[in-house]
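# Architecture and fold: a report
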Amino acid sequence: MNVQQTQISPADTLSRREAGSGWHAQIPDDKAMLRAARDLTKDISAHRADIYWADMIVSALVGYGALAGAILTGSLPLAIALGVVSVLALYRALLFIHEISHFRNGALPGFRTAWNALVGVPMLTPSFMYEGVHTLHHKRTQYGTIEDPEYLPLALMKPWSLPAFVLIALLAPVALLLRFAVLVPLGAIIPPVRRLTWQRLSALAINPDFRRRNPEGDLRRRVLLQEAGGMLWSWALIGSVFAFGWKPLLVALAVASVVALLNQLRTLVAHLWENEGEAMTVTAQFLDSVNVPPPGRIAELWAPVGLRYHALHHLMPSMPYHSLPEAHRRLVAELATDSSYHGANHAGMGVLVSRIASNTMRPRG
């Protein structure tokens, strides 16, 4: 039986959008949808350690194995094929940083430490770069505002901003290498360098106005350990050139650059990016976010670890990634086809990029 609710129809959304700026702020909360999301998923909210550990470890080992093969083979076609496998596997392993940022105390003991040792530090993206940052993106009063580290009104910016936003990600691995190899040790002896590094270069953020606050509590100790590990690993990577030549490092940087590019493309279509800075209701945040549900399968490659259900994740941030497909099936079955829940479901990356690009070309008063 369908849940009866006060819903936001597509026509309502369109009329608000065409009314001009601030249309998101006019969307009321769909309390029935929020209640259904809560009530229908209580039994699948536990984090399954067997899934998390197996998925993360297998993804990392496949990624590193394929990377080693790409470095060692003398065949260019085989190197490219192995490079693609490495990119997809390491990308999946890396995105567990998103899950870790939502862990509550006691969830999956040891997983954060193991992930940092196996993935975070080797890829120079330890978990502190997302912990305490990503949760700001989920704050009710901060999402889509100037205080959101992960939001820019990309759909309302100039057309050239989209390719610039995507392509700059290719420089991320080199920037991270320099951060840990140079800025971290310099910051240990020069406080202004330390402050600059922490405030501007220690968060996976896209908002250039975001300044990170000093770490507190347990996070402070983890930052020290992870930065020390990243510094030592970055030195080892640079030193590897003298022992093994340039090829291993350049191949690894190429794979890491494509991983960063793929993640930036996913980020580009994670939201519609149409808010102009106003505080938004939970339902408005949901409708500005994106689900790319089945039947299409390719989304599982570019938005793995539950991120193809990014809008649903904004309704239930603590829901483990392996439960999101079932939660989506339950909500689709329970809610009417004209409910606001279906307003966040989209066909794929191509459709979303086209929508955002077309919005950047719209004349604005």
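In this text, all values refer to a predicted model and were calculated from it rather than measured experimentally.

Glancing now at the overall build of the chain. Within the chain, the regular secondary structure consists of 17 helices and zero strands. Taken over C-alpha atoms, the radius of gyration comes to 21 Å for the chain, in line with the 21 Å a tight globule of 365 residues would show. For the chain, the spread of C-alpha atoms along the three principal axes comes to 65 × 45 × 45 Å. Out of the 365 residues in the chain, the part that is buried amounts to 49%. Looking at the chain as shown, the accessible area adds up to about 17,300 Å², and 65% of this sits on carbon and sulfur atoms.

With that out of the way, let us pick up the packing of aromatic side chains. Counting across every chain of the model gives twelve aromatic pairs. On the numbers, 5.3 Å between centres and 65° between planes, the contact of Tyr-143 with Tyr-151 is edge-to-face. When sorted by exposure, Tyr-143 lands in the same class as Tyr-151, which is buried. By the ring-pair criterion, three or more aromatic residues cluster together here, those being Tyr-52, Trp-53, Phe-96, Phe-103, Phe-111 and Tyr-321. Over the aromatic face of Phe-180 sits the side chain of Arg-179, whose NZ or CZ is 4.6 Å from the ring centroid.

Here the focus is the side chain of His-314. Relative to the elements of secondary structure, His-314 occurs in helix α15 (residues 310-315). For His-314, a relative accessible area of 7% translates into the label buried. At 3.4 Å, the side chain of His-314 and the side chain of His-137 are in polar contact. With residues up to four places along the chain from it excluded, the contact list for His-314 reads His-137, His-138, Tyr-143, His-271 and Ser-289.

A few words now on the nonpolar core. Counting residues in hydrophobic clusters, the biggest one holds 69 residues, and the most contacted among them are Phe-111, Trp-115 and Leu-312. Apart from the residues lying within four places of it in its own chain, the contact partners of Leu-312 are Phe-286, Asn-291, Leu-324, Ala-327, His-328, Leu-331 and Tyr-341. With 15 residues, the next largest nonpolar core counts Met-129, Leu-219, Met-231 and Leu-249 among its residues.

A few words now on the packing of helix α9 (residues 172-189) against helix α10 (residues 191-201). Orientation of α9 relative to α10, taken along the N-to-C sense of each, is 135°, at an axis distance of 6 Å. Classed by the angle they form, the pair α9 and α10 counts as oblique. Pair α9 / α10 crosses with left-handed handedness. Contacts between α9 and α10 involve Arg-179, Leu-183, Leu-186, Gly-187 and Ile-189 from the former and Pro-191, Val-193, Arg-194, Thr-197 and Leu-201 from the latter. Considered class by class, the residues forming the contact of α9 with α10 number six nonpolar, two polar and two charged.

Moving on: the side chain of His-328. Tracing the backbone shows His-328 in helix α16 (residues 324-334). Residues contacting His-328, with those up to four places away along its chain left out, are Asn-291, Pro-293, Tyr-309, Leu-312, Tyr-341 and Asn-345.

With that settled, consider the environment of Ser-339. The topology assignment puts Ser-339 in the loop between α16 and α17 (349-360). When the C-alpha atoms of Ser-339 and Phe-286 are compared, they prove to be 13 Å apart, with 53 residues separating the residues in sequence.

Before going further, it helps to spend a moment on the confidence of the model for the chain. In the predicted model, the chain carries a mean pLDDT of 91, and 92% of its residues have values of at least 70. Overall, residues 13-21 carries pLDDT values under 50, and its contacts beyond four positions in sequence, including any with other chains, amount to 16 contacts.

Taking 1.5 Å of rise per residue, the twelve residues of α17 would be expected to cover 16 Å, and the 17 Å separating its terminal C-alpha atoms lies within 8% of that figure. Inspection of α17 places Met-349, Leu-352, Ile-356, Asn-359 and Thr-360 among the buried residues, and these make up the whole buried set. Down the axis, α17 shows its buried residues gathered within 105° of arc, on one side only.

What follows concerns a nonpolar patch on the surface. On the surface, Leu-76, Ile-80, Val-84, Leu-88, Ile-298 and Leu-301 cluster together into a nonpolar patch covering about 580 Å² of accessible area. With four residues, helix α4 (residues 76-94) is the single largest residue contributor to the nonpolar patch. Looking at where Ile-298 falls in the secondary structure, it is placed in the loop between α13 (282-287) and α14 (299-302). Judged by its relative accessible area of 60%, Ile-298 falls in the exposed class.

Moving on to α4. The end-to-end C-alpha separation of α4 is 26 Å, in line with the 27 Å expected for 19 residues at 1.5 Å each. All of the buried residues along α4 are Ala-79, Gly-83, Ser-86, Val-87, Ala-89, Leu-90, Tyr-91, Arg-92, Ala-93 and Leu-94. Buried-residue contacts for α4 involve α3 (49-72), α5 (96-101), α6 (111-120), α12 (247-268) and α14. In this structure Ser-75 caps α4, since a side-chain oxygen of it lies 3.4 Å from the backbone nitrogen of Leu-78.

Attention now moves to the pattern of salt bridges. Here the structure, examined in full by the defined rule, presents 14 salt bridges. Here Arg-38 ties to Asp-39 by a salt bridge, and the two come within 2.8 Å at their closest N and O atoms. Close ionic contact of Arg-330 with Glu-326 constitutes a salt bridge, the shortest N to O distance being 2.9 Å. One end of the pair is Arg-330 and the other is Glu-326, both in helix α16 and four residues apart, which spans about a single turn. Under the relative-accessibility criterion, Arg-330 is labelled partly exposed at 24%. Taking the relative accessible area as the measure of exposure, Glu-326 reaches 26% and is therefore partly exposed. Through salt bridges with shared partners, a single network forms among Asp-43, Glu-326, Arg-329 and Arg-330.

Reading guide: rules and limits
- Residues numbered from 1 in each chain as written.
- Predicted model: local features only at pLDDT ≥ 70, side-chain atom pairs only at ≥ 80, totals over all residues.
- Heavy atoms only, no water.
- Helix = DSSP H or I, 4+ residues; strand = E, 2+ residues; numbered from the N terminus.
- Rg over C-alpha atoms; globule rule 2.2 N^0.38 Å.
- Buried < 20%, exposed > 50% of the residue type's maximum accessible area, 1.4 Å probe, protein only.
- Areas by Shrake-Rupley, 256 points an atom, 1.4 Å probe, with all protein chains shown as cover.
- Phe/Tyr/Trp six-rings, centres within 6.5 Å; stacked < 30°, edge-to-face > 60°.
- Lys NZ or Arg CZ within 6 Å of the ring centre and 35° of its normal.
- Polar contact = N/O pair within 3.5 Å; in protein donor to acceptor, adjacent residues only side chain to side chain.
- Contact = heavy atoms within 4.5 Å.
- Core = buried A, V, L, I, M, F, W, Y, C linked by side-chain atoms within 4.5 Å.
- Axes fitted to C-alpha atoms, helices over the stretch in contact; angles between N-to-C directions.
- Parallel < 35°, antiparallel > 145°, perpendicular 65-115°, else oblique.
- Left-handed = near helix turned anticlockwise from the far one by under 90°.
- Nonpolar A, V, L, I, M, F, W, Y, C, P; charged D, E, K, R; others polar.
- pLDDT = per-residue confidence, 0-100.
- Expected span 1.5 Å × (residues − 1).
- Arc of directions from axis to C-beta.
- Patch = residues over 30% accessible without salt bridge, like charges linked within 9 Å, V, L, I, M, F, W, Y side chains within 5 Å.
- Salt bridge = Lys/Arg side-chain N within 4 Å of Asp/Glu carboxyl O.

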